[in-house]
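Here are the chains, one letter per residue:
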There are 2 protein chains.
Amino acid sequence: MPSTTRKRTATAESASMTTTPQWVYRFSEGGAEMRDLLGGKGAGVAEMMRIGLPVPPGFTITTEACNEYFARGQKLPKGLWEQVTAALHATEKELGHRFGSPDEPLLVSVRSGARESMPGMMDTVLNIGLNRDTLQGFIAMTDNPRLGWDAYRRLIQMFGRIVLDIPGENFEAVLSDWKQRRNRKADTDLTTEDLQGIVEEFKRIIRAGRDMEFPEDPQAQLRMAVMAVFDSWLGRRAVDYRRAQKIPDTLGTAVNVQAMVFGNMGFDSGTGVAFTRDPSTGERGVFGEYLLNAQGEDVVAGIRTPNPIVNLKKELPEAYKQFMQTCAQLEAHYRDLQDVEFTIERGKLWMLQTRSGKRTAQAAVKAAVDMAREKLITRREAVMRVSPAQVDQLLHARFDEATKNAARAAGRYLAKGLNASPGAAVGVAVFDADTAAEQGAAGKAVILVRPETNPDDVHGMLKAKGILTQHGGATSHAAVVARGLGLPCVAGCEDLQVDVVNKAFTARGKVIKEGDLISMDGASGEVFEGALKLTQPAFEEQKDLITLLEWADDFRVLGVWANADYPRDATRAREFGAEGIGLCRTEHMFFEEERLPIVQRMILAKTDGERQAALDHLLPFQRNDFEGLFRAMDGLPVIIRLIDPPLHEFLPRHDELLLEVARLKIELALERVSTADPDAYRRLSARLEEREQLLAAVETMREQNPMLGLRGCRLGIMMPGLTKMQVRAIFEAACNVSKKGVKAHPEVMIPLVGHVNELKAQRAELEQVAQQVMKEKKVKVHYKIGTMIELPRAALTANEIAAHAEFFSFGTNDLTQTTCGFSRDDAEEKFLLRYVEDKILPFNPFQTLDREGVGELMRICVERGRATRADLEVGICGEHGGDPSSIEFCHMLGLNYVSCSPFRVPVARLAAAQAALAHGGGLPAAS
Amino acid sequence: MPSTTRKRTATAESASMTTTPQWVYRFSEGGAEMRDLLGGKGAGVAEMMRIGLPVPPGFTITTEACNEYFARGQKLPKGLWEQVTAALHATEKELGHRFGSPDEPLLVSVRSGARESMPGMMDTVLNIGLNRDTLQGFIAMTDNPRLGWDAYRRLIQMFGRIVLDIPGENFEAVLSDWKQRRNRKADTDLTTEDLQGIVEEFKRIIRAGRDMEFPEDPQAQLRMAVMAVFDSWLGRRAVDYRRAQKIPDTLGTAVNVQAMVFGNMGFDSGTGVAFTRDPSTGERGVFGEYLLNAQGEDVVAGIRTPNPIVNLKKELPEAYKQFMQTCAQLEAHYRDLQDVEFTIERGKLWMLQTRSGKRTAQAAVKAAVDMAREKLITRREAVMRVSPAQVDQLLHARFDEATKNAARAAGRYLAKGLNASPGAAVGVAVFDADTAAEQGAAGKAVILVRPETNPDDVHGMLKAKGILTQHGGATSHAAVVARGLGLPCVAGCEDLQVDVVNKAFTARGKVIKEGDLISMDGASGEVFEGALKLTQPAFEEQKDLITLLEWADDFRVLGVWANADYPRDATRAREFGAEGIGLCRTEHMFFEEERLPIVQRMILAKTDGERQAALDHLLPFQRNDFEGLFRAMDGLPVIIRLIDPPLHEFLPRHDELLLEVARLKIELALERVSTADPDAYRRLSARLEEREQLLAAVETMREQNPMLGLRGCRLGIMMPGLTKMQVRAIFEAACNVSKKGVKAHPEVMIPLVGHVNELKAQRAELEQVAQQVMKEKKVKVHYKIGTMIELPRAALTANEIAAHAEFFSFGTNDLTQTTCGFSRDDAEEKFLLRYVEDKILPFNPFQTLDREGVGELMRICVERGRATRADLEVGICGEHGGDPSSIEFCHMLGLNYVSCSPFRVPVARLAAAQAALAHGGGLPAAS
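Fair warning: this is a prediction, and the values are worked out from it, not measured in the lab. (Residues numbered from 1 in each chain as written. Chains lettered and ligands numbered in written order. Predicted model: local features only at pLDDT ≥ 70, side-chain atom pairs only at ≥ 80, totals over all residues. Heavy atoms only, no water.)

A. A look at the packing of helix α3 (residues 63-71) of chain A against helix α9 (residues 218-233) of chain A. Residues and elements named next belong to chain A. Between α3 and α9, whose axes approach to 10 Å, the crossing angle comes to 80 degrees. One element, α3, and the other, α9, form an angle in the roughly perpendicular class. When α3 is examined against α9, the residues Ala-65, Cys-66, Tyr-69 and Phe-70 are found in contact with a partner set consisting of Met-227, Phe-230, Asp-231 and Trp-233. Of the residues that constitute the contact of α3 with α9, the class distribution is seven nonpolar, no polar and one charged. (Axes fitted to C-alpha atoms, helices over the stretch in contact; angles between N-to-C directions. Helix = DSSP H or I, 4+ residues; strand = E, 2+ residues; numbered from the N terminus. Parallel < 35°, antiparallel > 145°, perpendicular 65-115°, else oblique. Contact = heavy atoms within 4.5 Å. Nonpolar A, V, L, I, M, F, W, Y, C, P; charged D, E, K, R; others polar.)

Written out as structure tokens, the structure is:
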């Protein structure tokens, strides 16, 4: 038995070694499912033939042949040409024409066709097979010498430009020169005689440019065209594109060889392109254009203006009817919007190409919803048809491309930075947060322009229409806050020089001063001078989107919550469909103008009494904020995180204080010398003393690595009154609104827990205050206590931590920082973007969750946490909660919900549904 | 059947509910193995009785009785007193005396006896059972009225002070008053009549102090004394001690009740204490002292000067001989140095206590080695007898306690900080690194005093005898570098105010200026004014220690390597027994004076050419360093880590530059106004420009969280010439020394790898240079390439990383930082020490490896790494590599070696052996 097996294997091997693979498929042999092998175009043509549509016959050379071509050092695979010849014979037979024959010659087109269309691939070469001899046969067949000479002229021109890589201008120059000399207005005015002369000149160009004759041998024409298609696969532009899109080089391109049909045989002929629905709005009805008596390139060339497709109804009613039926049939067959090319030859319709049609976000949503309503597709398919990025686009104000093009043409383009938060904004440039806050509050549209932002700037950001920074990456403070606020943001716009002192920035030699109008597009990262026209969609008016998201909700397993710090954000999040607040950052409330001085008093307090007084002062503010949140989220859970950032963030910057003290000392010295004004001296002296004390306090609090410093629950433990005040505010608020019939479900989140004892200590303090308040208020509220998982140690010891937490929420921003050792504030600028560019990292882990590293810790955490507490509520509240790939991973891990900024909620609803449809019902991922 | 079972269970339950536990054990019932139940003293006495030594009879009340006493709210357990009475009867029977009887009364002592002796526990009460009646019987028995009245006086005094908690001074005052009035010099001069009077006065004190009569009832005396022992278990001092030592409160204390014997029955009687060997040197021979005609407390009290034990040979030769035999028997029985108490009553020897004797580090080593040579213990036991901390003590210079006491008495004590690196140093205070380097190089002993240190100070630290800092914790830069250099260091000495500008510090009102002599003890954290006398042991002279460590080497599985940056350190490490270099930090070489300017030129280079020129300049320095290392470690592996820290560490500080630029601007402005000296103006102007450029460069490199920033392999990737230069230096050095017969085994370590692609990229570059150099030099050297595991992501993806690394080395300092989110530079000062104090963390994770968090990542890493590459070499090079508990854990994980600073190598050798003896042969820990 073993010997038999061995023998059989040996036979199979030798067979595979001797049998030539099938390099060529006739269209009648292929189909849509063979896209990898035949490319998109080849598979589409074959599928049309399979369902009985009129397609000129031909064949496809496979992508595998392309790979073999490169494997053999740019030589055609063995046996390929035999197969090409056989397929060509079959085509000849079908049509009764012969390739290269002076009688009734067969002409073919050669087109590239990779799996996905991509820039840089070889264009079409038409009319292959023509030479001086076959031209005569063709003229005899068509009885049209001008058509024949024009076809020959086109072949030489295309072959020269595309296959032989001679600059197109050389041919264009001859053409225009000829037209000028003979006084012909358009190409169509050229006579047969003209064309004969031009052909001669074209052949001369080839001779001069490539030191060779134009190949008259049809076989040589075909062979060279096929190899040119293959070669274009490794052309610079195509390779760059694939790198950027992460498309492997091993896919290869196919080559389609198809019998020619002619739309330029007279006014019973024509050619056109169409979409089966409007690709910009998604409205039903075939949308396209055509030209009579023209070849395909004429429609695109823009020399003659094509007609809207509906005109064809009058001009060629039979062909029109057949074309409409064909479009309906194709859409029904593919169950999607199709982008088609067709030619009518002497009244007969020929279909040349069909593919899924590119569409705008709006069209994608409308088409998906309509098709589901038309029962063309299921709701599940409709949900899978729209990308989360398309949903995102629909939620932000935007500039039309036309508007931007006009602005560019007018020289108003200024710079391009990172597209950090989508949406477009128009406003006057301001260069500090106070001015932004002031003018914004007064109703002026302002764009805050800063070298970079920090928490001191938040009060200004709150009142701005957009944020523009010179430095910082996609997860810089500016970007994160802007996304949280749904504000457009262009970050890291290094083309600008922001001069805060003189309140101006420079870009492309222009100086934009405070008060000058600018426009910014957060989706593209572009900045313009002046005011561009805005298009602003409203969520509640986007009925199709709302419908699609409702369908998505039926499929998704993950809850979708929102990160919101203010009642106003919570209200918006709820409108967008949020089912809870996954993160309220209490410290953002601390940065508001009237509160910051109290917070600073609390931090700088020299006695417990002073500190408590400041805390007591803060309590009503916080309580008021929380009441608003609970009211907005009536009946839904609200996770409130206790104060998290290092306290020095609430104090003036060390650098600035250092310089101010130095300056004051010198002023004082000069004043002492002059002794002109004892009052001024006394004032300066007092100011210096005050600043020196503040500087000393800031120096005491300064840390080398504040991200790894005194923050999170460490603050609560080192400064106990702080936790007590916040918890009291939360529970007083919950009790107060409960008395007015609002259902408050506070979940108190303790940040940055690394050791279970931290949680135990804080929890004990918290429970005590909660019970006390509820007793005072005589109200019971249902609450949970949990922790943020943002340190590797917390994830690893989740079994211990879960014993004292009813919920976990992954703070994946911080978890990414510590797991990967990347400072969020610096890494992107310093090396992370370079890493992504150089393919050291596949993506920026602050935007898309690093499944192998951070994700592995999350997996361990969920597994260990649920082992201790089976009903542990687990969510994510880092920036990743709004990223589709990360949402998919959260679904795979079996999380309960994702929480993201309000404007990402619709995106997350769709992404969560798509994850559930792709992976099934939210089971924990296999380890 | 089930019913039977149930019935049996029920019976057992009711039995356990009705049976009283055994609360009391007669000495003849106990033994050494019952230490938990009987306490150390009770178990020791019982064991002595068991092996036939003369012990006065008695019994022990168990630690369980103590716990029950507290469980019942400080009431004696049920049945306890019945058992005490029974045991007392047995004792009476044995001796033929009766407790409380006026004829031949039995007197007893009551002593506490927990498992471990601890401060704050109740002292001994002697002579319990005496009252006016039994005193007469005692006098009749002993025929010694003075002895009787003295015993009665002692009972009342001890009982009053210890049981009734009346200040001892009250009794002492009466005694001295009486002696003065009667003109008696010593207690022994007091007559029977005197003592009778004193007894009356003592009773009055009790009456006044406690509003009660001295209890004449012997039963009441015994009962109150027993309860007083129990109560002392929860006394303030005992509780504090247990908290500090992590001894659980549930251990409880036992109470020993023992028949009295009298060393004060004349000059054929006596009492003493002794060690079976010298506890300070470990020399053989009984070491102790005694007094004739005295009770135990007299020996301790210091009123009479005790005699060395050898004198007893003449005075009571029979008792002496018996005592010597007993000591030998006890040491042989316990197989350890014993600390004993004895009494001789009318020529008869009674043993009262034996326990393992406390000893100095030197004695511990000598005793262990001697006993093993005497075959009293095995070598394995000898290795287990000495603690790693004791070995550490033996390696550092020290001040004798007597020396320090004398300095304190002379008012020269200045301050106490953290004992950051052991050893003692004497030198003149200097306040900046340059002066330290200069004076140190000139042969002057200097102590570098700084507010804190940073890498700029290393050149000064290298030449200092000790480091003293005002700020910073046990893993601050100063501490880490000092331990690495084997330099004494007192860190975080907040009692000092260091004034760098005026080059002085203030402590306890004294000002120490540059050049003043100070002494510092890194083992205790103390700082003194002036020069204290130093005792400096040399490793090679400590023959016993060397022997012990050689024995340890036979048991250990873990290799012990050393972290060394300089050839000199490597040589020392090798002398200490290091088997390789586990970490050479190449950047330390960069900080040396002549090199730093070149390094700065490299960093600030504006063109690739400028950078390469600087790198070329650095190459010979590095090559020279590496040659020295390879020569020192001939035949052993040397792991060289490529440059790791952020580059701004090599540049001037941002703050300082900021202030300097501000100052220069003002100076320039003033100069411009005066226009006195155009040259000065030009000079200032040029300087300002230069500093502004430097400031701009520093600002560009500045990072919010440099620990998580552009460092480690990220530098090598962003600045490729850097890796190339270092690798070339390594391989040129290896080839050069190989040609001279030295066996060089370089292992190149790539730091801070988080993603396998980083390693792949760096490895490729490295291999290319290595091959190139070996080709140029025509020498092959055996080398390895590996990575430091210091990021959680690296540990989690160890399976991928191991595919491209021949070795892993855990950088547990950084791994602790990221796993726990603790900045090493700040955390200790800001919160970590408080966390440890408040028991939120059991220990400082930068000193002792956090097994649950960091250790869990290490476990995962070893498991995944070895799954990919079974022979992966795994070690540790973080500070933990020299910590005994962490070494134990590394053994349990199956690591190949630990690497620590040279001075910790002997400690690590012992700790590794102890880990292997405790846990067996280095198998991977169970998950």
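B. Summary view of the interface of chain A and chain B. With 56 residues of chain A at the contact, the number on the chain B side is 56 residues. Between chain A and chain B, the buried area comes to about 5,000 Å², and carbon and sulfur atoms account for 57% of it. Of all residues in chain A, Leu708(A), Arg793(A) and Lys830(A) bury the most surface against chain B, accounting for 13% of the area lost on that side. Of the charged contacts in the structure, one is a salt bridge between Glu856(A) and Arg864(B), with a shortest N-O distance of 2.8 Å. Between the two partners, chain A and chain B, sit 30 residue pairs in polar contact (both at pLDDT 80 or more). Going through the elements one at a time, α26 (654-674), α27 (678-701), α28 (713-718), α30 (756-777), α31 (792-796), α33 (812-820), α34 (827-837) and α35 (854-868) of chain A are the ones with two or more residues in the side of chain A that touches chain B. The dominant element in the side of chain A that touches chain B, judged by the number of residues it contributes, is α26(A), at seven residues. By residue class, the composition of the side of chain A that touches chain B is 25 nonpolar, 14 polar and 17 charged. (Buried area = accessible area lost by both parts, 1.4 Å probe. Salt bridge = Lys/Arg side-chain N within 4 Å of Asp/Glu carboxyl O. Polar contact = N/O pair within 3.5 Å; in protein donor to acceptor, adjacent residues only side chain to side chain.)

C. Structural detail: the sheet that holds strand β27 (residues 745-750) of chain B. Residue and element names in this part refer to chain B. Read around the barrel, eight strands follow the order β24-β25-β26-β27-β28-β29-β30-β31 and close on themselves; strand pairing throughout is parallel. Averaged over all neighbouring strand pairs, the angle between strand axes comes to 25 degrees, with direction disregarded. In this fold helix α25 (residues 608-632) packs onto β25 (581-585), β26 (637-641) and β27, with an angle of close to 155 degrees to the strand it touches most, β26. (Pairing = 2+ DSSP bridges.)

D. Representation of helix α2 (residues 35-50) of chain A within the structure. Residues and elements named next belong to chain A. The end-to-end C-alpha separation of α2 is 14 Å, well short of the 22 Å expected for 16 residues at 1.5 Å each. A bend of about 80 degrees at Lys-41 is the largest found in α2. With twelve of 16 residues buried, α2 is to be regarded as a mostly interior element. Within the sequence span of α2, burial applies to Leu-37, Leu-38, Gly-39, Gly-40, Lys-41, Gly-42, Ala-43, Gly-44, Val-45, Ala-46, Glu-47 and Met-48. (Expected span 1.5 Å × (residues − 1). Bend = angle between axes of the 7 residues up to and from the residue. Buried < 20%, exposed > 50% of the residue type's maximum accessible area, 1.4 Å probe, protein only.)

E. Expanded view of the relation of the copies chain A and chain B. Placing chain A over chain B gives an RMSD of 0.2 Å and needs a rotation angle of 180 degrees, together with 0.0 Å of translation along the axis. The symmetry that links the two subunits is that of a two-fold axis. Within chain A, the C-alpha atom positioned nearest to the axis of rotation is that of Asn705(A), 2.1 Å from it. The share of interface residues of chain A whose copies in chain B are also at the interface is 100%, consistent with both copies meeting through the same surface. (Least-squares fit on C-alpha atoms with pLDDT ≥ 70 in both.)

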